[in-house]
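For reference, the chains in residue letters:
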Amino acid sequence: MSKESYIGGDYIETTGGSNETFAKGKIINNSLEGNFSQNGNRNGIYSGINREAPSISSNVALKRFLVHFRRPSSYQGEYGFDWLREEYFIPMVTVTNDNNGNHINAPTALCKNVASLKQEYLSGVPNNIVPYGIRYYPAWLSIFPATTTKEFAHGFTMHKAGVDLDLQFDELDTIISDGTEIILESTNRFLKVIPEKISVAEVIKARKQSRNLNGKVINYYRLNKKVNIKCSGGALSDYTEIKVFAKLNEEKVEVGKLMVYKNDVIPKAEIVVVNVITGANKAQLKDDYQHLFKRQSFNQALIRAEVKVDTEFDINSLPANDRDVIAFKQNMSGSNSEFIKNTIGKLYDKFGKFKTAEGINGNQNKRTYLFLTSLSAGNVLGSCSLDSNRNWGNFYIVYNAGLKDGHTIMHECGHSLSLPHVFQEGSRARHTFYHGYTDNYMDYTWQAGVFRNGQLYSSGPNIYKGKMFSFFKWQWDIMRSDRSLIFNY
Ligand SMILES: [Zn+2]
């Protein structure tokens, strides 16, 4: 697909301006009248939860529950995992202000286009299900195939031991120890799931919990890291299902599903790290940034992102009579992020050791350039270039304030791989969320507050700050279409 364009809005990362704190976003614990229904299916689907358990007749019926795959709480971006979070489509979280600064201060669904977001999680599913009349939205997993060269040449050992996921059992009826079995079935021989069977007795040994979705209470059990999913022996050439059945005697119902992203095409992203030297102090990136590239970010989109070149670009060694060099030296200390970024790009295209014939922002360039500088750009941490069509470019810069900030280093690279912010408005955004409420790399670490004097103020920190390791499934698709990726290797 075509690249997302930058249209208006703000493409620099700020530390959030002044912090005008008023109501902080929080999960409300209840009330607000209203029914949510999922796609018009059986409104009040959970209404049976608090009634008495039906008496068991001799004709024993399967108790109704749904099973969801979920990420363990220890998740740090090691693999791709995405699902339709309930707070994205049910008004559960208080949003202080919309993305333009207008006052809301009420529980609000965090995604602004719920219907099309829901569709994302159904698209590509070979067999969608509606157990007990409830539309089921599967979670999505992406893992590398662990293969020999003969089996598949572009495998990767990263998920060789498989990934451990939680299983969540949402009650529709009260689950009892009645001999029901939960059966997990992979639809592809390269995709392995362990265990293949769980007894309901084991489920109810876990602590029963409940959660409140804007007035609807759901009782559930969560089995932590209960299931291991692995891909080996070959790659998945299609989106693949792991189906979950509940079975009691002759009755067998499909009550859950995990979708596994196809992994037979593994593009490479080559990163060129350029340390721009302007004075005595050399910029130094966060120690583990290579690990972040490879194992905590773009791996989720099954992109092998690796630092291929680590180089320096010494401004002092450039021709002193060059116009752009003179202008840069004169103005580089002025904290103007746009000037610093654009001029460094221009200088590198002229004098850089790893420059390319058509310029690093050209369509043929198959690398992403990360410039780091000890120059300050006020409270701007980093910013990404744009190409001549105002699409996201192939290089980005991390300023002094962002050098130790892993979120900035990955966030800006996400832009250079075509991703807009999750709060990007307008037709070129695939989906739009409220600013500062998700754990996504492409969100900001602060919530949008009021807009005043040409500036958006913060209403408080993003509650996921420091743990924003997610890319959404539909962002995997966008990044994998970026022009700078290498598919033939
Ligand atoms: Zn950004």
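Model, not experiment: these values are computed from the prediction. (Residues numbered from 1 in each chain as written. Predicted model: local features only at pLDDT ≥ 70, side-chain atom pairs only at ≥ 80, totals over all residues. Heavy atoms only, no water.)

Draft legend 1. Molecular detail of the overall build of the protein. Each helix and strand in the protein was counted, giving eight helices and 21 strands. Across the protein, the fraction of contacts at a sequence separation of at least 24, relative to all contacts at a separation of at least 6, is 73%. As presented, the protein carries roughly 20100 Å² of accessible surface, and 46% of it is formed by carbon and sulfur atoms. (Helix = DSSP H or I, 4+ residues; strand = E, 2+ residues; numbered from the N terminus. Contact = heavy atoms within 4.5 Å. Areas by Shrake-Rupley, 256 points an atom, 1.4 Å probe, with all protein chains shown as cover.)

Draft legend 2. Fine view of the pattern of salt bridges. Using the criterion set out here, one finds 26 salt bridges in the structure. Note that E181 and K197 form a salt bridge whose closest N and O atoms lie 3.8 Å from each other. Separated by 16 residues along the polypeptide, E181 in strand β8 (residues 181-186) and K197 in strand β10 (residues 197-199) bring together distant segments of the chain. For E181, a relative accessible area of 27% gives the class partly exposed. The partner of E270 in a salt bridge is R367, and the shortest N-O contact between them spans 3.1 Å. Of this pair, E270 sits in strand β15 (residues 268-277) while R367 sits in strand β17 (residues 367-373), and the two are 97 residues apart along the sequence. (Salt bridge = Lys/Arg side-chain N within 4 Å of Asp/Glu carboxyl O. Buried < 20%, exposed > 50% of the residue type's maximum accessible area, 1.4 Å probe, protein only.)

Draft legend 3. Summary view of the nonpolar core. Judged by nonpolar contacts, the single largest core of 113 residues is most densely connected at F69, I229 and F293. For this core, the leading source of residues is strand β12 (residues 216-231), giving six residues. Two domains each put at least three residues into this core: domain 1 (65-83 + 138-260) and domain 2 (267-419 + 471-480). Residues within four places of I229 in sequence aside, it is in contact with F69, L141, I143, G162, V163, L165, L191, K192, V193, I242 and L258. (Core = buried A, V, L, I, M, F, W, Y, C linked by side-chain atoms within 4.5 Å. Domains from an automatic or database assignment.)

Draft legend 4. Structural context of the environment of T432. Within the fold, T432 resides in the loop between α7 (406-416) and β20 (446-452). Accessibility expressed as a relative area gives 9% for T432, which makes it buried. A C-alpha to C-alpha distance of 9.3 Å links T432 and L117, two positions 315 residues apart in sequence. Among the polar contacts made by the side chain of T432, one reaches the main-chain carbonyl oxygen of Q424 at a distance of 2.7 Å. (Polar contact = N/O pair within 3.5 Å; in protein donor to acceptor, adjacent residues only side chain to side chain.)

Draft legend 5. Examining the side chain of H415 more closely. For H415, the position within the fold is in helix α7. Here the side chain of H415 touches L419 through a polar contact of 2.7 Å, landing on its backbone oxygen.

Draft legend 6. Quick peek at the pairing of strand β7 (residues 163-171). With respect to burial, β7 is a largely interior element, eight of its nine residues being buried. In this sheet, β12 lies alongside β7 in antiparallel orientation, the contact comprising seven bridges. The residue bridging L167 from the neighbouring strand is L223, located in β12. (Pairing = 2+ DSSP bridges.)

Draft legend 7. Summary view of the environment of V450. Position of V450 relative to the elements: it lies in strand β20. Once the C-alpha coordinates of V450 and N99 are considered, the two residues, 351 residues apart in sequence, prove to be 9.1 Å apart.

Draft legend 8. Here's a closer look at the packing of aromatic side chains. Taken as a whole and judged by the stated rule, the model has 26 aromatic pairs. Seen from their ring centres, F371 and F395 are 5.6 Å apart, and the 85° between their planes marks the pair as edge-to-face. Highlighted residues: F371 in strand β17 and F395 in strand β19 (residues 392-398), separated in sequence by 24 residues. Each member of the pair, F371 together with F395, is buried. Between F423 and Y444, the ring centres sit 5.0 Å apart and the planes meet at 75°, which makes this aromatic pair edge-to-face. Here F423 is found in the loop between α7 and β20, whereas its partner Y444 is found in the loop between α7 and β20, with 21 residues between them in sequence. The pair formed by F423 and Y444 is uniform in burial state, with each residue classed as buried. A connected cluster of aromatic rings, assembled from ring pairs, spans Y289, F293, F298, Y441, F469 and F471. Taking NZ or CZ as reference, R85 lies 4.0 Å from the ring centre of W83, over its face. (Phe/Tyr/Trp six-rings, centres within 6.5 Å; stacked < 30°, edge-to-face > 60°. Lys NZ or Arg CZ within 6 Å of the ring centre and 35° of its normal.)

Draft legend 9. Main features of helix α6 (residues 337-351). Given a rise of 1.5 Å per residue, 15 residues ought to cover 21 Å, and the 21 Å separating the end C-alpha atoms of α6 matches this to within 8%. The residue sitting at the N-terminus of α6 and contributing the capping side-chain oxygen is N336; that oxygen lies 3.2 Å from the backbone nitrogen of E338. (Expected span 1.5 Å × (residues − 1).)

Draft legend 10. Spatial organisation of the confidence of the model for the protein. For the protein, the average pLDDT comes to 89, and 88% of its residues sit at 70 or higher. Below a pLDDT of 50 lies the segment residues 1-58, which in the model reaches 144 contacts outside its immediate sequence neighbourhood of four places, other chains included. (pLDDT = per-residue confidence, 0-100.)

Draft legend 11. Representation of helix α2 (residues 114-122) in the model. Residues of α2 that are buried: L117, K118, E120, Y121 and L122. Those residues of α2 that are buried are in contact with β3 (80-82), α1 (86-89), β6 (139-142) and α8 (473-480).

Draft legend 12. Seen up close, the environment of Q119. Here Q119 shows up in helix α2. In sequence terms Q119 and L84 are 35 residues apart; their C-alpha atoms lie 9.8 Å from each other.

Draft legend 13. Examining unusual backbone geometry more closely. Omega for the peptide link from I194 to P195 comes to 0°, which places this bond in the cis form. With respect to the helices and strands, the residue P195 is situated in the loop between β9 (191-194) and β10. Residue K225 is not a glycine yet carries a positive backbone phi of 45°. Its location among the elements puts K225 in strand β12. Phi is positive for L302, which is not a glycine, with a value near 55°. Secondary-structure assignment places L302 in the loop between α4 (289-295) and β16 (304-314).

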